[in-house]
Amino acid sequence: MDFETLLVQTRSRVTTITLNRPQVLNAFNAQMNADLDAALRAAERDAETRAVVIAGSGRGFCAGQDLTTRLEIFEAGQVPHLGDGLRRNYHPLIRRIRNMPKPVVGAINGVAAGAGVGLVLACDLRLVSESASFLQAFVRIGLVPDAGNLYTLPRMVGLGRAFELMWLAEPLSAAEAVRLGLAIRVVAAEELPAVARELAERLARGPSVAYGLIKRGLYHSQETSLPAMLEYEALLQDAAGRSPHFREGLAAFQEKRAPRFG
Ligand code: LHQ
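Residues numbered from 1 in each chain as written. Predicted model: local features only at pLDDT ≥ 70, side-chain atom pairs only at ≥ 80, totals over all residues. Heavy atoms only, no water.

Caption draft 1: Inspection of the overall build of the chain at higher detail. Helix and strand counts for the chain stand at 10 helices and 10 strands. Here the C-alpha radius of gyration of the chain, 19 Å, is about what a compact globule of 262 residues would show, namely 18 Å. Considered along the principal axes of its C-alpha atoms, the chain spans approximately 70 × 40 × 35 Å. Expressed as a percentage of the 262 residues in the chain, the buried residues total 46%. (Helix = DSSP H or I, 4+ residues; strand = E, 2+ residues; numbered from the N terminus. Rg over C-alpha atoms; globule rule 2.2 N^0.38 Å. Buried < 20%, exposed > 50% of the residue type's maximum accessible area, 1.4 Å probe, protein only.)

Structure representation (structure tokens):
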């Protein structure tokens, strides 16, 4: 599948989706929203794909919404309806990443701003290069965080840091992102693609059913009580126990060999 705004490659059961509008730090226009949605849908449906990497080309990861033509609406005397654009262009992306039963790894090569951070935080795991930064840019243009930021950020860093990051809108460095648990590791810029691929390939070789169920369970845990979660764990474990991977895992343990999860 060819896209105007993305580079997409599937190799060794990993699909890498690279945002490719480097001249504007991979800011989203409507075409990139639509392309990313289609690429994610294809990766989700592709039986060959067992893990997904989202990366950025050039020196940025994603500068959020493309603001180039936004003033025109005021100049034309119209009233903006930003909620409609979010519902149409961003909500499907965030839901798709979260609901996909496959690991999604963010390889953050440079600045992520605005809805770009929303995309980053929707991923399941993040690696950052030394030159990555996260910027809740919204208040700089008089807006509120969107694309899931108001949901994901406080759950990941707590309310206090979320207020700080969203109100002061100062860039968070790669090292600080790791310290706050927003990313798992800082990697040298030139090594990021290879390290992200290695991580994704490791996940792609693993027990995909269990990974998908863990993803469902972890996101569900953000919404529920302990008694309800204990029951949910039992349901997930029922499903995992019925997968061929459990049988293979037990056999490998008894035969003292590494499991082959196929
Ligand atoms: C850009 C952009 C950009 C266009 C850099 N657009 N060209 C959703 C729905 C509806 C409405 C509104 O919002 C949303 C969600 C959002 O995402 S709102 C937040 C939108 N994003 C921002 O406010 C970030 C804007 N960008 C910046 O603040 C800076 O560019 C950052 C801090 C990201 C990077 O700064 P620098 O490293 O100094 O790079 P730069 O500013 O020189 O940018 C490089 C080029 O990219 C430059 O173009 P040029 O032709 O001068 O080289 C920028 O104009 C262009 N660019 N972001 N969002």
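Caption draft 2: Representation of the packing of helix α1 (residues 30-45) against helix α3 (residues 82-99). Close contact between α1 and α3 brings their axes to 9 Å; oriented N to C, the two are set at 20°. With respect to α3, the axis of α1 lies roughly parallel. In this structure, the crossing between α1 and α3 has a hand that is left-handed. Between α1 and α3, the contacting residues are Asn 33, Leu 36, Asp 37, Leu 40, Arg 41 and Glu 44 on the first element and Asn 89, Tyr 90, Pro 92, Leu 93, Arg 96 and Ile 97 on the second. Residue composition of the contact of α1 with α3, grouped by class: 6 nonpolar, 2 polar and 4 charged. (Axes fitted to C-alpha atoms, helices over the stretch in contact; angles between N-to-C directions. Parallel < 35°, antiparallel > 145°, perpendicular 65-115°, else oblique. Left-handed = near helix turned anticlockwise from the far one by under 90°. Contact = heavy atoms within 4.5 Å. Nonpolar A, V, L, I, M, F, W, Y, C, P; charged D, E, K, R; others polar.)

Caption draft 3: Molecular detail of the layout of surface pockets. Taken as a whole, the largest pocket holds about 800 Å³ of empty space. Forming the walls of the largest pocket are 29 residues, and the residues nearest its centre are Gln 65, Leu 67, Arg 70, Leu 82 and Leu 143. For the second largest pocket, the calculated volume is near 550 Å³. For the second largest pocket, the lining is made up of 23 residues, of which Asp 124, Leu 125, Arg 126, Leu 218 and Tyr 219 are closest to its centre. Residue contributions to the lining of the second largest pocket peak at 6 residues, all from helix α8 (residues 208-221). The residue makeup of the lining of the second largest pocket, split by class, is 14 nonpolar, 4 polar and 5 charged. (1 Å grid on protein atoms, 1.4 Å probe; cavity = no way out; pocket = protein on both sides within 12 Å on 5 of 7 lines; lining within 4 Å. Points joined across faces, edges and corners; volume = space filled by probe spheres on them.)

Caption draft 4: The arrangement of the side chain of Lys 215 in detail. Position of Lys 215 among the secondary structure elements: in helix α8. In this structure the side chain of Lys 215 is engaged in a polar contact, spanning 3.0 Å, whose partner is the backbone oxygen of Lys 102. (Polar contact = N/O pair within 3.5 Å; in protein donor to acceptor, adjacent residues only side chain to side chain.)

Caption draft 5: Broad picture of a nonpolar patch on the surface. Together, Val 139, Leu 159, Phe 163, Trp 167 and Leu 168 make up a nonpolar patch on the protein surface, roughly 570 Å² of accessible area in all. Among the secondary structure elements, Leu 159 is positioned in helix α5 (residues 149-168). Leu 159 gets classed as exposed once you look at its relative accessible area, which sits at 60%. (Patch = residues over 30% accessible without salt bridge, like charges linked within 9 Å, V, L, I, M, F, W, Y side chains within 5 Å. Areas by Shrake-Rupley, 256 points an atom, 1.4 Å probe, with all protein chains shown as cover. Salt bridge = Lys/Arg side-chain N within 4 Å of Asp/Glu carboxyl O.)

Caption draft 6: Representation of the site of the ligand. Taken together, the neighbourhood of the ligand is formed by 25 residues, with Arg 59, Ala 63, Gln 65, Leu 67 and Ala 115 sitting nearest. Within the backbone of Ala 63, one N or O atom sits 2.9 Å away from a nitrogen atom of the ligand. A distance of 2.8 Å is found between a nitrogen atom of the ligand and a backbone nitrogen or oxygen belonging to Gln 65. Expressed as a share of its isolated accessible area of 1000 Å², the protein-covered part of the ligand is 65%. Of all the elements in the fold, those that place two or more residues in the shell around the ligand are α3 and β6 (111-113). It is α3 that contributes the most residues to the shell around the ligand, 3 residues altogether. (Near = heavy atom within 4 Å.)

Caption draft 7: Examining the sheet that holds strand β9 (residues 172-173) more closely. A sheet is described by the order of its strands in space; here 4 strands give the open sequence β4-β6-β8-β9, paired in mixed fashion. Of all the strands in the sheet, just β4 (60-62) and β9 have a single pairing partner and so form its edges. (Pairing = 2+ DSSP bridges.)

Caption draft 8: Spotlight on the nonpolar core. Counting residues in hydrophobic clusters, the biggest one holds 46 residues, and the most contacted among them are Ile 54, Phe 61, Phe 134 and Leu 182. Leu 182 has contacts with Leu 121, Arg 126, Phe 134, Leu 153, Met 156, Val 157, Leu 172 and Ala 177, leaving out every residue within four places of it along the chain. Counting residues in hydrophobic clusters, the runner-up holds 15 residues, among them Val 14, Ala 55, Val 187 and Val 195. (Core = buried A, V, L, I, M, F, W, Y, C linked by side-chain atoms within 4.5 Å.)

What is shown is where atoms sit, not what they do.
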